[in-house]
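# Observations on the model geometry
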Amino acid sequence: MTKYRREPMPPLFVHLIEYTLIVLGSFFVAVAFNVFLLPHEIASGGVAGISTITKSVFGWEPSIVQWALNIPLFIAGVVLLGKNFGLKSLFGTVVLPFFVFLTRDWTTATPDDPLLGAIFGGMGVGVGLGIVFRGRASTGGIDLAAQIFHKYLPLPLGICLALFDGMIVTTAAIVFSVEQGLYALIGLFITSRTIDFVQVGLNTSKNVLIITNQVEKVRQILLQDIDRGVTVLNATGGYTDEERKILMCVVAQNEFSKLTKIVRRVDSDAFVVAMNATEVLGEGFKAH
C-alpha cells in the first residue's frame, strides 16, 4: 500500500489561520462574557472576573479594565520571565477586550436564570479560549501573573493559577453573594473542561500494551490485519525476573474490538492493557 506524505502548508498561510483562530476565539469569549456571565455578575476567574467585580463596585467599563490589566501583565511577563511571548499573544491580549467593548450592549440570553448563564457562559469562554490556544496564542491575563509568581515562589504553576482564580471567586462571593460565588465556580469548572474538549476533540484512540508468548505472530497480525504500526518494548517481569517483550500499538476506537479478538485467537493467555490516547499525531492518525 502506497502512502503519501502530506505537504506542509506555506508559513504565510499557517500564520493567517492562526490569527484567524485568535480573532474567532476572542469573539466567542467576548460574546459569552457579555451575553451570559456579566449580566448575572458571574466572576468565574481571570481578568474577566476582575472586570465583572469592578463593573459592579465602581461602574468601570469591563473592556477598559481588561486592557488596563492585560497589557501591563504582558509587559511584566516579557521583562520578568525573559520569554518571547510573540506577537500572536500580544494580539490576543489586545483584541479580546476590543470584542468585549464591541459586544457590550448585546442582550443577555438568560435574563432570569443565572445557572444557565454560568453553564453556557463557561462553555462559550472555554470554546473561545480553546480556539485561541489552537492558534498557538493566549489572551494573557491571570495566566501570566501565575507564571510570574511560579518563577519567584516555590509553588507549582497549577497551584499559583488556582490561587489567583480562587481569590477572584472568593471576592465575588463577598462582593455579590455566596450563591454568585458558587455560580462562578460552576462557570470556571465548565470552562476548563470545555477547553480540554476543544483541544482534544472526540478523536480518542486506544494505546494498547500486549504481553504475550506469541510476540512474532501477534506483531505480524497487527502490522498486516490491523494495518497499524507496532513498537516492541523490552521489559523485565516483576515476579519472574525474566526478560520479555511488550508490544505497543495505537489503534482507533472502532479497531480495538477487532484487535482484542485477534490477539485472543492467537494467544488466549495474552495480557492486554488499553488506555485512552488523545491528540494522536502522525501517520494513520491526525496530521501534525
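Residues numbered from 1 in each chain as written. Predicted model: local features only at pLDDT ≥ 70, side-chain atom pairs only at ≥ 80, totals over all residues. Heavy atoms only, no water.

## Let's talk about the pattern of salt bridges
Scanning the entire structure with this criterion turns up three salt bridges. Of the charged contacts, one joins Lys 88 and Glu 18 as a salt bridge, the two residues approaching to 3.5 Å between their closest N and O atoms. Highlighted residues: Lys 88 in helix 4 (residues 86-102) and Glu 18 in helix 1 (residues 11-37), separated in sequence by 70 residues. Comparing Lys 88 with Glu 18 shows no difference in burial state: the two are buried. For Glu 255, the salt bridge goes to Arg 228, with nearest N and O atoms at 2.9 Å. On the criterion of sequence distance, the pair formed by Glu 255 in helix 10 (residues 253-266) and Arg 228 in the loop between helix 9 (215-224) and strand 2 (231-236) is long-range, its members being 27 residues apart. Residues Glu 255 and Arg 228 agree in their burial class; the two are buried. (Salt bridge = Lys/Arg side-chain N within 4 Å of Asp/Glu carboxyl O. Helix = DSSP H or I, 4+ residues; strand = E, 2+ residues; numbered from the N terminus. Buried < 20%, exposed > 50% of the residue type's maximum accessible area, 1.4 Å probe, protein only.)

## Concerning the nonpolar core
Counting 21 residues, the largest nonpolar core has Val 29, Ala 30, Ile 42, Leu 96, Val 100, Val 125 and Leu 129 as the members making the most contacts within it. The biggest single contributor to this core is helix 1, with six residues. With 13 residues, the next largest nonpolar core counts Val 215, Leu 247, Leu 259 and Val 263 among its residues. (Core = buried A, V, L, I, M, F, W, Y, C linked by side-chain atoms within 4.5 Å.)

## Observations regarding the packing of aromatic side chains
In the structure shown here, the tally under the stated rule is seven aromatic pairs. Aromatic pair Phe 58 and Trp 60: ring centres 4.6 Å apart, planes at 20°, arrangement stacked. By relative accessible area, Trp 60 is classed as partly exposed at 46%. On the numbers, 5.0 Å between centres and 90° between planes, the contact of Phe 149 with Phe 164 is edge-to-face. Note that Phe 149 is positioned in helix 6 (residues 142-152) and Phe 164 in helix 7 (residues 157-175), a separation of 15 residues in sequence. For Phe 164, a relative accessible area of 14% corresponds to the buried category. Ring pairing ties together the aromatic residues Phe 27, Phe 98, Phe 99 and Trp 106, which thus form one cluster. A cation over a ring is seen here: Arg 104 above Phe 101, with NZ or CZ 3.9 Å from the ring centre. (Phe/Tyr/Trp six-rings, centres within 6.5 Å; stacked < 30°, edge-to-face > 60°. Lys NZ or Arg CZ within 6 Å of the ring centre and 35° of its normal.)

## Observations regarding the UniProt feature "transmembrane region" (unreviewed entry) in the protein
As recorded in UniProt, the sites labelled "transmembrane region" (unreviewed entry) are residues 12-37, 64-82, 89-109, 115-133 and 153-176. Between the C-alpha atoms that bound residues 12-37 there is a distance of 36 Å. The span itself is 100% helix and 0% strand. (UniProt positions renumbered as here; feature names shortened; annotations may be inferred.)

## Section: helix 10
All buried positions along helix 10 are accounted for by Glu 255, Leu 259, Thr 260, Ile 262 and Val 263. Against strand 1 (205-211), helix 9, strand 3 (243-252) and strand 4 (271-277) lie the buried residues of helix 10. (Contact = heavy atoms within 4.5 Å.)

## Thoughts on the pairing of strand 2
Walk down a regular strand and you will see the side chains alternate between the two sheet faces. Here strand 2 runs beside strand 3; their pairing, made up of six bridges, is antiparallel. In the strand pairing of strand 3, Ala 235 is matched with Arg 244. Where strand 2 folds back onto strand 3 in an antiparallel hairpin, the turn is made up of six residues, including Asp 241, whose phi is positive at roughly 60°. (Pairing = 2+ DSSP bridges.)

## A short note on the sheet that holds strand 2
Strand pairing in a sheet takes place through backbone hydrogen bonds and is either antiparallel or parallel in direction. Pairing is antiparallel in the open sheet, where four strands are placed in the order 2-3-1-4. With one partner strand each, in any of the chains shown, strand 2 and strand 4 form the two edges of the open sheet. Adjacent strand axes in the sheet meet at a mean angle of 25°, parallel and antiparallel pairs treated alike. On the sheet, helix 9 packs against strand 1, strand 2 and strand 3 and is oriented at approximately 15° with respect to strand 3. Across the face of the sheet, helix 10 comes into contact with strand 1, strand 3 and strand 4 while running at roughly 145° to strand 3. (Axes fitted to C-alpha atoms, helices over the stretch in contact; angles between N-to-C directions.)

## Structural notes on unusual backbone geometry
The phi dihedral of Asp 227 falls on the positive side, at around 60°, and the residue is not glycine. In this fold, Asp 227 is placed in the loop between helix 9 and strand 2. Residue classification places Asp 227 among the partly exposed residues on the basis of a relative accessible area of 40%. Residues other than glycine seldom take positive phi values, yet Asp 241 does so here, at roughly 60°. Checked against the element boundaries, Asp 241 lands in the loop between strand 2 and strand 3. We classify Asp 241 as exposed; its relative accessible area is 60%.

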